[in-house]
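# Observations on the three-dimensional arrangement
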Amino acid sequence: MTMPAVAEIEVEDPEQMRAIGARLALVLRAGDLIVLGGPLGAGKTVFVQGLARGLGIGGAVTSPTFVLARVHTDGRLPLVHVDAYRLGGVAEVDDLDLDADVDRSVCVVEWGAGLVEQLAGAHLRVEIRRPAGDEEGEVRRVLLRPVGADWAERLAAADLPAS
């Protein structure tokens, strides 16, 4: 059974996607796990760029596809940004030793569904959808689903726009 989204947000451009991430960053704390899903080109890394901006991270945030994980430490909280697209299973996630970082940072995992949920007692599932045959500039839908802990309350406190 799929949990209902606490928030469903319509996003028209990359700057709006970054703004949603930045707004969510205001309620993040050490130990948070965010699991990002969506097709290639949906805006997952753009969303993480907004989170980083909201956390006060100054450097460039790029996709960790080829390095698997990037760590940004110059913000309010450290940000661990992981791309699990090429990982073959939970054993390969364990090899990244992410559990050592989760307690003291915000850990965001693109393509992490079914692979990383065991890293934390609760997590936020963020699904980014785009229309079939999407071209640059088409509307995306961002669905935020809390799984455990106080995520629903924190999402409400983030005062995210609703669509």
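All values reported here derive from a predicted model rather than from experimental measurement.

## Observations concerning the confidence of the model for the protein
For the protein, per-residue confidence averages 83 on the pLDDT scale, and residues scoring 70 or more make up 80% of the total. Mean pLDDT values for the elements of the protein range from 54 in helix α3 (residues 90-95) up to 96 in helix α2 (residues 44-54).

## Brief notes about the packing of aromatic side chains
Going through the model one piece at a time under the given rule, you end up with zero aromatic pairs. Directly above the aromatic system of Trp151 lies the positively charged group of Arg154, at a separation of 4.0 Å from the ring centroid.

## Concerning the pattern of salt bridges
What the rule picks out here adds up to eight salt bridges. With its nearest N and O atoms 2.8 Å apart, the salt bridge here joins Glu10 to Arg141. Here Glu10, found in strand β1 (residues 7-11), pairs with Arg141, found in strand β7 (residues 140-147); they are 131 residues apart in sequence, far enough to count as distant. A salt bridge links Glu15 to Arg53; its shortest N-O distance comes to 2.9 Å. Within this pair, whereas Glu15 is found in helix α1 (residues 14-25), its partner Arg53 is found in helix α2, the two being separated by 38 residues in sequence. For Glu15, a relative accessible area of 40% gives the class partly exposed.

## Points about the sheet that holds strand β5 (residues 106-110)
With mixed pairing, seven strands are arranged side by side in an open sheet as β1-β7-β6-β2-β5-β4-β3. Each edge of the sheet is formed by a strand with only one pairing partner; in this case those strands are β1 and β3 (69-72). This sheet shows a mean twist of 15° between the axes of neighbouring strands, independent of strand direction. When strand β2 (residues 33-37) meets β5, the two strands line up parallel, connected through four bridges. Within the sheet, the bridge partner assigned to Val35 lies in β5 and is Val109. The strands touched by α1 are β1, β2, β6 (123-129) and β7; relative to β1, the strand with the most contacts, the crossing angle is about 150°.

## A word on α1
The terminal C-alpha atoms of α1, which comprises 12 residues, lie 17 Å apart, in line with the 16 Å expected from a rise of 1.5 Å per residue. The complete set of buried residues in α1 reads Met17, Ile20, Gly21, Ala22, Leu24 and Ala25. On its buried face, α1 is in contact with β1, β2, α2, β6, β7 and α5 (151-158). Capping of α1 at its N-terminal end is provided by Asp13; its side-chain oxygen lies 3.1 Å from the backbone amide nitrogen of Glu15.

Calculation criteria
- Residues numbered from 1 in each chain as written.
- Predicted model: local features only at pLDDT ≥ 70, side-chain atom pairs only at ≥ 80, totals over all residues.
- Heavy atoms only, no water.
- pLDDT = per-residue confidence, 0-100.
- Helix = DSSP H or I, 4+ residues; strand = E, 2+ residues; numbered from the N terminus.
- Phe/Tyr/Trp six-rings, centres within 6.5 Å; stacked < 30°, edge-to-face > 60°.
- Lys NZ or Arg CZ within 6 Å of the ring centre and 35° of its normal.
- Salt bridge = Lys/Arg side-chain N within 4 Å of Asp/Glu carboxyl O.
- Buried < 20%, exposed > 50% of the residue type's maximum accessible area, 1.4 Å probe, protein only.
- Pairing = 2+ DSSP bridges.
- Axes fitted to C-alpha atoms, helices over the stretch in contact; angles between N-to-C directions.
- Contact = heavy atoms within 4.5 Å.
- Expected span 1.5 Å × (residues − 1).
- Polar contact = N/O pair within 3.5 Å; in protein donor to acceptor, adjacent residues only side chain to side chain.

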